[in-house]
Amino acid sequence: MNRKNQDQLFTELLRNDFVGKPDQSVEDRLMYSFMLKNSRSKLRQNSFSSFLGWIFSVQGLGLKTGLVSVVLFFSLFNNQLNFESSGTIGLDSISNQRTLLADSAQFIQSLDSIHKDSLY
Amino acid sequence: MANLKKIGELIFRRKNRDYSDSELMKQIAVGDQAAFGELYHRYKDRMYYYFYRMLGNSDEQTNDFLQELFLKLIEKPESYSSSFPFKTWLYSVANNMCKNEYRRRNVRQEYEDFESAQPKLDYLSETCIEPEQIIEKIFATLDDLGEEHRSAFLLRYREGFSIKEVAEILELPEGTVKSRLFYAKKLLAGKLDYLKNEIEF
């Protein structure tokens, strides 16, 4: 018997060997585990946790520093960049507006003056 | 109407069974449960057999290992790289699980040996013809050589992997795999009368 037949013999013996089938409960448990994992990941997808996690992690530090620099630049220089060309900068007392508040003492005073007037 | 639906399904939607193992793994990574079901059905019997023969013929333990193997696949599908054949990768994961189990058993065995020495049964002295008995004798003989020889033997002759693939799975040089197979066959022929008459070395 040659080498080929020797290998064939082992192959035939082993391939015809049957030891049973896996338990159905294994598949059920695996499917349940898959479902659980899916639900967990879907929950994560609908939350900000991953975004917040990214913000407070050390990942992408360059990008985050760049973004912060841009935001700071615009917030600091925004007022200086945003001015009207025709307007003059300075104080003008005429244009000062005083806030007018109702003063009940004045009302009483004016009522008294009305009464006085009536006497005359 | 039903026929039209069927045709539409055929044209626009491939069924999971049409996908390769690697494609199914990609779908599993994005949470496709049907893809996982398909992959499980493709490999469950083979992996069951592998674990059963590697771990000493225990149904309960085989089911546990099968479950653990596929749980790894669920939990970390990204650990599979599509640049490797899925089948080879799956067997290498299974083989590593068996290695860990053997290591654990060895530690336990050392303790048990110390406690009580049991006489070993000789399964190989009688001559037999029934294929089931031959198989049992083959695996009993392979026990003497250790799990490395058993795994190489199973992968080569049961699963039909090439020597190169077996070497990849076991993370060994091809020469080592060849020598392990050679010694396994030699031992089998030496111990089994039936095989001795059938096999030439």
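Heads up: the structure comes first, above all this text.
Counting of residues starts from 1 at the beginning of each chain's written sequence and follows it residue by residue. Chains and ligands are labelled by the order in which they are written, letters from A for the one and numbers from 1 for the other. Side-chain atom pairs in this predicted model are given and counted only at pLDDT of 80 or more, local residue features only at pLDDT of at least 70, and totals for whole chains, interfaces and linings cover all residues. Calculated side-chain values reflect all of the structure's heavy atoms, with hydrogen atoms and water omitted.

Caption draft 1: Just the interface of chain A and chain B, in detail. Every residue pair with non-hydrogen atoms within 4.5 Å of one another is taken to be in contact. Contact residues are listed per partner, giving 27 residues for chain A and 40 residues for chain B. Accessible area that two parts lose when put together, with a 1.4 Å probe and added across both, is what the buried area reports. Taking both sides of the interface into account, the surface hidden between chain A and chain B amounts to around 3300 Å²; carbon and sulfur atoms contribute 61%. The largest per-residue losses of area from chain A upon contact with chain B belong to Phe10, Leu14 and Phe34 of chain A, which jointly make up 21% of the total buried on that side. By convention in these notes, a salt bridge is any Lys or Arg side-chain nitrogen within 4 Å of a carboxyl oxygen on Asp or Glu. Joining chain A to chain B, the criterion identifies three salt bridges. Here aspartate 17 of chain A and arginine 53 of chain B are joined by a salt bridge, their closest N and O atoms 2.7 Å apart. Any pair of N or O atoms that falls within 3.5 Å is considered a polar contact. Within protein, one atom must be able to donate a hydrogen and the other to accept it, and sequence-neighbouring residues count only if both atoms are side-chain atoms. On the surface where chain A and chain B come into contact, there are 14 residue pairs in polar contact (both at pLDDT 80 or more).

Caption draft 2: Just the pattern of salt bridges, in detail. Evaluated as defined, the whole model comprises nine salt bridges over all chains. Close ionic contact of aspartate 45 of chain B with lysine 21 of chain A constitutes a salt bridge, the shortest N to O distance being 3.2 Å. In this pair, aspartate 45 of chain B sits in helix H3 (residues 33-54) while lysine 21 of chain A sits in the loop between helix H1 (3-15) and helix H2 (24-45), so the two residues belong to two different chains. With relative accessibility at 29%, the residue aspartate 45 of chain B sits in the partly exposed group. Put simply, arginine 42 of chain B and aspartate 21 of chain B hold a salt bridge, and the shortest N to O gap is 2.6 Å. Of the two residues, arginine 42 of chain B is situated in helix H3 and aspartate 21 of chain B in helix H2 (residues 21-29); the sequence distance between them amounts to 21 residues. The network of salt bridges with shared partners includes Asp17 of chain A together with Arg53 and Glu136 of chain B. In DSSP terms, a helix is any run of H or I states spanning at least four residues, a strand is any run of E spanning at least two, and both are numbered starting from the N terminus. Classification of residues uses two cut-offs on accessible area relative to the type maximum, computed with a 1.4 Å probe and protein chains only: under 20% is buried, over 50% is exposed, and between them is partly exposed.

Caption draft 3: Quick peek at helix H6 (residues 131-145) of chain B. Residue and element names in this part refer to chain B. To estimate how far a helix should reach, multiply one less than its number of residues by 1.5 Å. Over its 15 residues, H6 runs 21 Å from end to end, which matches the ideal 21 Å to within 8%, given 1.5 Å per residue. Of all the residues in H6, the buried ones are Ile134, Ile135, Lys137, Ile138, Phe139, Ala140, Thr141 and Leu142. Glycine 146 occupies a position one or two residues after H6 and carries a positive phi of about 105°.

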